[in-house]
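Read off the chains here:
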Amino acid sequence: MYSEIVNTIKGLFPKQDFVPLHAPCFVGNEKKYLNECIDSTFVSSVGKFVDRFENDMAAYTGAKKAVVCVNGTNAIQMALMMVGVERGDEVLTQPLTFIATCNALSYCGAHPVFIDVDRDTLGLSPVKLEEWIQEYAELRDETLYNKRTGRRIKACVPMHTFGHPVHLNKLVEVCNRYHLKLVEDAAESIGSFYHGQHTGTFGEVGVLSFNGNKTITTGGGGMLLFQDEELAKLCKHITTQAKVPHPWEFVHDHIGYNYRMPNINAALGCAQLETLPAFLEKKRELAAIYKNYFDSVGVEFMSEPEGCRSNYWLNAIILKDKEERDSFLEYTNAHGVMTRPIWQLMNRLPMFEQAECGDLSNCTYLADRIVNIPSSVRL
Ligand SMILES: *Cc1c(COP(=O)(O)O)cnc(C)c1O
């Protein structure tokens, strides 16, 4: 059966000896804008493409304001800082995520608390979140504390796995009830909508990534989506060395960061954003073909959650058990089709094995069974 799956995938991506998981696609104005950018000499941290990319992205996502960042990981760090996460705080998140989520909160000196995901979204479960809070946390003066560690619990960071939105309405409700700041790790979900609203715009801040393997790319890059214009302004200031505007003096009024996205990367981003709607159509078309095929051979395919429109960044199948997963990975990678298991659970990595955890039965089940299959835009 594995050989049939390999042939089917190769048939979907013809003329490739090795089918990658996700290759970037440049078919629009990329070269034109890059040339313009080089001719202007403004290739670095200021320029018209930076402003345009921020404005276009805010318009596309419906965010009040968008702020570019050097990459998605540092954008999450900034987002957590902007909502007031401080050294020693705890942040509620899912262990089924890419390492960047937990690295970013660690840069803030915060500790992760790992909450299970839902089977139908692969993302943070609002029900499990509330269960954990009711058992292990307490509200004092509108601030949530971990009863065991005594630490303040400041924020909640769900991640929209492979572009599938988490149950956002319920999650917003739980966060509001317990005075938690909601920061969405929407790094994988550009072009994904929950009941018509773009992911990354439900909490105080949302974060996108434009790394080379994401749905659209700037080479490397990230973005913060804000609902609060003042907070966005402060973020822009702090990510640009906190330099106070002056005709010649070097005045800085905060510890700042050099987290700017260069104009040349933003030029690439502007062109990529123009082609995003076409990419999304192609990706949904591929997901539909996969769904049909895997249904016909009795393999579970990960479909978008109810009420959502996923970008289908990476398609995923859920195999019977770890043994089947391992033999599938072995066979496909040896036969010219790149496949990958889902990430190892964060609570199993040495840096986070001391972290507080809720019941993680869905994560444990999924971590042994999910495999990503080739998902590039097909031309
Ligand atoms: C890609 C990604 C990020 C950000 O990654 P960068 O490479 O730093 O842009 C963050 N979180 C998740 C879940 C991701 O997949």
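Just so it is clear, the structure is predicted and the values come from calculations on it, not from any experiment.

The rules behind the values
Residues numbered from 1 in each chain as written. Predicted model: local features only at pLDDT ≥ 70, side-chain atom pairs only at ≥ 80, totals over all residues. Heavy atoms only, no water. Helix = DSSP H or I, 4+ residues; strand = E, 2+ residues; numbered from the N terminus. Expected span 1.5 Å × (residues − 1). Buried < 20%, exposed > 50% of the residue type's maximum accessible area, 1.4 Å probe, protein only. Arc of directions from axis to C-beta. Pairing = 2+ DSSP bridges. Salt bridge = Lys/Arg side-chain N within 4 Å of Asp/Glu carboxyl O. 1 Å grid on protein atoms, 1.4 Å probe; cavity = no way out; pocket = protein on both sides within 12 Å on 5 of 7 lines; lining within 4 Å. Points joined across faces, edges and corners; volume = space filled by probe spheres on them. Core = buried A, V, L, I, M, F, W, Y, C linked by side-chain atoms within 4.5 Å. Contact = heavy atoms within 4.5 Å.

An account of helix H3 (residues 48–61) is requested, with residue identities and associated values reported.
Between the first and last C-alpha of H3 there are 20 Å, a value that for 14 residues agrees with the 20 Å anticipated at 1.5 Å per step. Looking at H3, one finds that the buried residues are Phe49, Val50, Phe53, Glu54, Met57, Ala58 and Thr61. Down the axis of H3, the buried set is contained in an arc of 165°. They therefore lie on one face. Of the exposed residues in H3, the ones pointing more than 90 degrees away from its buried face are Lys48 and Ala59. At the C-terminal side of H3, Gly62 shows a positive phi close to 85°.

Account for the sheet that holds strand E14 (residues 300–301), with residues named and values stated.
Here we have four strands laid out as an open sheet, ordered E14-E16-E19-E17, and antiparallel in their pairing. Pairing within the sheet leaves two strands with one partner each, and these edge strands are E14 and strand E17 (340–341). Where E14 and strand E16 (residues 315–318) come together, two bridges link them in antiparallel fashion. Pairing of Glu300 across the sheet is with Ile318, part of E16.

I'd like a rundown of the pattern of salt bridges, residues and numbers included.
Two side chains that carry opposite charge are able to pair once their charged atoms sit near each other. A full pass over the atoms with the stated rule returns 23 salt bridges. Between Lys291 and Asp295 there is a salt bridge, with its nearest N and O atoms 2.7 Å apart. A residue pair is termed a helical-turn pair when its members lie 3 or 4 positions apart in one helix, as Lys291 and Asp295 do in helix H9 (residues 263–296) at four residues. Taking the relative accessible area as the measure of exposure, Asp295 reaches 44% and is therefore partly exposed. When salt bridges with common partners are traced through the structure, they connect Glu130, Lys170, Glu173 and Arg177 into a single cluster.

Can you break down empty space enclosed by the protein residue by residue, with the values?
Per the stated rule, a full pass over the model turns up one cavity of 30 Å³ or more. Ser45, Val50, Val68, Lys236, Thr239, Thr240, Arg260 and Met261 are the residues that line the largest cavity.

Outline the nonpolar core, listing residues and values.
By size, the foremost hydrophobic cluster in this structure holds 28 residues, and its most contacted members are Phe53, Met57, Leu208, Phe210 and Met223. Element by element, the count of residues in this core is highest for H9, at eight residues. Sequence-distant contacts of Leu208, defined by excluding residues within four places in its chain, comprise Met57, Gly72, Ala186, Ala187, Ile190, Gly222, Met223 and Leu225. Judged by nonpolar contacts, the second largest core, of 27 residues, contains Leu80, Ala155, Val183 and Tyr259.

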